[in-house]
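# Close look at the chain arrangement
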Amino acid sequence: MEAIVCNKYGSPDVLELKEVEKPFPTENQVLIKVHSASLNFGNLVLLKGKPLLARFAFGLMKPKYSIPGGDIAGTVEAVGKDVKLFKVGDEVFGDLSGCGWGGFAEYVTVPEYVLALKPNNISFEEAAAVPMAGVTALQGLRDKGKIKSGHKVLIHGASGGVGTFAVQIAKALGAEVTGVCSTRNVEILRSIGADHIIDYSKERFTRHKEYYDLVLGVNGSNSLSAYKQVLKPNGNFVHVGGAESQLYQTLFIGPFISMTGSKKISSLLQRANQKDLNDVKGLLETSKVKPIIDKRFKLSEIAEAFKYFQEGHAQGKVVITI
């Protein structure tokens, strides 16, 4: 089968399209014929080996996982004898980041606990755009952010992969949502139901004199003091992504802020979770959430896809068609 192979850390140019042996499922595995995959920030970390702390998980000197790719959607081609949840022919999607990656290939074997049945009302490409970004948004809002119906929520970096899911999930959970984005992305946020939009190229969100129950930091390089400034008493700031400096502030200064006041600062480490993926699936099936796809690339164009993605201006998700 054809697969993308990465044997050293570096730029997208180190990725190679090669012929490799087709995998075979063990007793508790499912063999998936992959139709589509997508890119997430975790793919960049696995490619570059940065931040350096990530190498303790991904390999100190070279990638531990030679075939990258986390999010997939495809068809079950074979199942091990102990598999209970899926059968041959099922259309599925899932996040492979917790079980060895391997999604940038024509076939991949995975444990059944990372998969969910694909909603019938979306395509394979749309399904592949969902797992990591959709579950990240859900966990950030619901689990870390303690979102409730009627809450005012600010999402900074609302037009990217996680951000577009976060806007829609927050609305589905009954929140009043303000999205922060650049001018070129204003219409996207309108189309997915944001109640208010702040164009950061024209004004800072701190000047709006609005206060929020929850701020989700998906992208950007703002200081913690800026986010803290717009939180209500007992409000939550959840760091999901953005500049490394912002991450380190959250990790090392955030606990002190949380202990000494009513405002809470925390960072989300997303973990693939079948139950959460099924929760997102329910929102997809009722059309409360729809994947936003920016660009599509072929498997042979993977380097170009990564180069585009790492620029940081994707509107929604970047999808790989296999």
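Residues numbered from 1 in each chain as written. Predicted model: local features only at pLDDT ≥ 70, side-chain atom pairs only at ≥ 80, totals over all residues. Heavy atoms only, no water.

### Comments concerning the nonpolar core
Selection criterion: Nine residue types can take part in a nonpolar core, namely buried Ala, Val, Leu, Ile, Met, Phe, Trp, Tyr and Cys, and a core is a set of them joined through side-chain atoms within 4.5 Å. Classification of residues uses two cut-offs on accessible area relative to the type maximum, computed with a 1.4 Å probe and protein chains only: under 20% is buried, over 50% is exposed, and between them is partly exposed. Numbering of helices and strands starts at the N terminus; helices are DSSP runs of H or I of at least 4 residues and strands are runs of E of at least 2. Whether two residues touch is decided by their heavy atoms; if any such pair falls within 4.5 Å, the residues are in contact.
Membership of the largest hydrophobic core comes to 40 residues, with the highest contact counts inside it found for Phe93, Leu141, Ile155, Val167 and Ile169. Secondary structure elements with two or more residues in this core: helix H3 (124–128), helix H4 (131–144), strand S8 (152–156), helix H5 (161–172), strand S9 (176–181), helix H6 (186–191), strand S11 (212–217) and helix H10 (274–285). The element best represented in this core is H5, accounting for 6 residues. Those residues within four positions of Leu141 in sequence are excluded, and the remaining contacts are Lys146, Ile147, Val153, Ala166, Ile169, Ala170, Leu214 and Leu216. Counting 19 residues, the second-largest nonpolar core is a separate cluster that includes Leu39, Leu44, Leu47 and Ile320.

### Description of the pattern of salt bridges
Pairing between side chains of opposite charge can happen when their charged atoms approach one another. Operational definition: What makes a salt bridge here is a side-chain nitrogen of Lys or Arg within 4 Å of a carboxyl oxygen of Asp or Glu, nothing more.
The final tally for this structure, using the stated rule, is 17 salt bridges. Salt-bridge contacts for Asp82 lead to Lys81; the nearest nitrogen and oxygen are separated by 3.3 Å. Under the relative-accessibility criterion, Asp82 is labelled partly exposed at 36%. A salt bridge links Arg142 to Asp276, with the nearest nitrogen and oxygen atoms 2.8 Å apart. Taken together, the positions of Arg142 in helix H4 and Asp276 in helix H10 put the pair 134 residues apart, joining distant regions of the chain. A relative accessible area of 6% places Asp276 in the buried class. Shared partners join several salt bridges into a network, and the residues in it are Arg142, Asp143, Lys275, Asp276 and Asp279.

### Quick notes on the sheet that holds strand S10 (residues 196–199)
Selection criterion: Each pair of strands is called paired provided DSSP finds at least two bridges between the two strands. Every angle, taken between N-to-C directions, lies between 0 and 180 degrees, and every axis is a line fitted to C-alpha atoms, over only the stretch in contact when it is a helix.
Here 6 strands make up an open sheet; going across it, the order is S10-S9-S8-S11-S12-S13 and the pairing parallel. The open sheet terminates on both sides in strands that have one partner only, identified here as S10 and strand S13 (264–267). Within the sheet, the average angular offset between the axes of one strand and its neighbour, ignoring direction, is 15°. With respect to the sheet, helix H8 (residues 244–252) is in contact with strand S12 (231–239) and S13, its orientation differing from that of S13 by roughly 120°.

### Details of the side chain of Asp213
Rule in force here: Side-chain atoms alone can form a polar contact between residues adjacent in sequence; in general such a contact is a pair of N or O atoms within 3.5 Å, and within protein one must be able to donate a hydrogen while the other accepts it.
In this fold, Asp213 is placed in strand S11. Only 2.8 Å separates the side chain of Asp213 from the backbone nitrogen of Lys152, close enough to count as a polar contact. A polar contact is formed between the side chain of Asp213 and the side chain of Lys232, at a distance of 3.4 Å. Every residue in contact with Asp213, bar those within four places of it in the chain, is listed here: His151, Lys152, Leu231, Lys232, Gly235 and Asn236.

### Re the pairing of S9
Stated precisely, the cut-off is as follows: By the criterion used throughout, a crossover qualifies as right-handed when its path from the first strand across the helix to the second strand runs clockwise, the strands pointing away from the viewer.
The buried fraction of S9 is high, at 5 of 6 residues. Note: S8 against S9, 5 bridges, orientation parallel. Directly across from Val153, in S9, lies its bridge partner Val177. Crossover handedness for the path S8 to H5 to S9: right-handed. Note that S9 and S10 share 4 bridges and pair parallel. The residue of S10 that forms the bridge with Gly179 is Ile197.

### Topic: H4
Basically, it comes down to this: A helix is expected to span 1.5 Å multiplied by its residue count minus one.
Over its 14 residues, H4 extends 18 Å from the first C-alpha to the last, a length consistent with the 20 Å expected when each residue adds 1.5 Å. Counting buried positions over the 14 residues of H4 gives 11, a clear majority of the element. Downstream of H4 by a residue or two, Lys146 has a phi angle that is positive, lying close to 55°.

### Quick word on the packing of aromatic side chains
Put simply, the rule is: Pairing of aromatic rings covers Phe, Tyr and Trp, the last through its six-membered ring, and needs centres within 6.5 Å; plane angles under 30 degrees mean stacked, over 60 mean edge-to-face, and all others mean tilted.
Scanning the model with the defined rule gives 5 aromatic pairs in all. Here Phe104 and Phe306 contribute two aromatic rings whose centre-to-centre distance is 6.2 Å and whose plane-to-plane angle is 85°, an arrangement assigned as edge-to-face. Taken together, the residues span a long stretch of sequence, with Phe104 in the loop between strand S5 (91–95) and strand S6 (107–111) and Phe306 in helix H11 (residues 302–310) at a distance of 202 residues. Under the relative-accessibility criterion, Phe104 is labelled buried at 0%. Taking the relative accessible area as the measure of exposure, Phe306 reaches 1% and is therefore buried. Relative to Phe237, the ring of Tyr227 has its centre 4.4 Å away and its plane inclined at 20°; by these criteria the two rings are stacked.

### What about the packing of helix H1 (residues 41–48) against H11?
Each pair of packed helices can be described by the angle between their axes along with the distance between the axes. Basically, it comes down to this: The labels follow the angle: roughly parallel below 35 degrees, roughly antiparallel above 145, roughly perpendicular from 65 to 115, and oblique for the rest. In this scheme the crossing of two helices becomes right-handed for a clockwise turn of the near helix relative to the far one and left-handed for an anticlockwise turn of less than a right angle.
The interhelical angle for the contact between H1 and H11, taken along N-to-C directions, is 115°, at an axis separation of 11 Å. As judged from the angle between their axes, H1 and H11 are roughly perpendicular. H11 is crossed by H1, and the crossing has left-handed handedness. For the pair formed by H1 and H11, the contact residues are Phe41, Asn43, Leu44, Leu47 and Lys48 on the first element and Phe306, Phe309 and Gln310 on the second.

### Focus on the packing of H4 against H10
Heads up, the rule is: Residue polarity is assigned by list, with Asp, Glu, Lys and Arg as charged and Ala, Val, Leu, Ile, Met, Phe, Trp, Tyr, Cys and Pro as nonpolar; anything else, Gly included, falls into the polar class.
Two elements in contact, H4 and H10, have axes whose closest approach is 9 Å; the angle formed by their N-to-C orientations is 95°. The angle between H4 and H10 falls in the class roughly perpendicular. Listed contacts from H10 to Pro131, Gly134, Val135, Leu138, Gln139, Arg142 and Asp143 of H4 are Asp276, Leu277, Asp279 and Val280. When its residues are assigned to classes, the contact of H4 with H10 shows 5 nonpolar, 2 polar and 4 charged.

So far we have only geometry, and geometry alone does not tell us how the molecule works.
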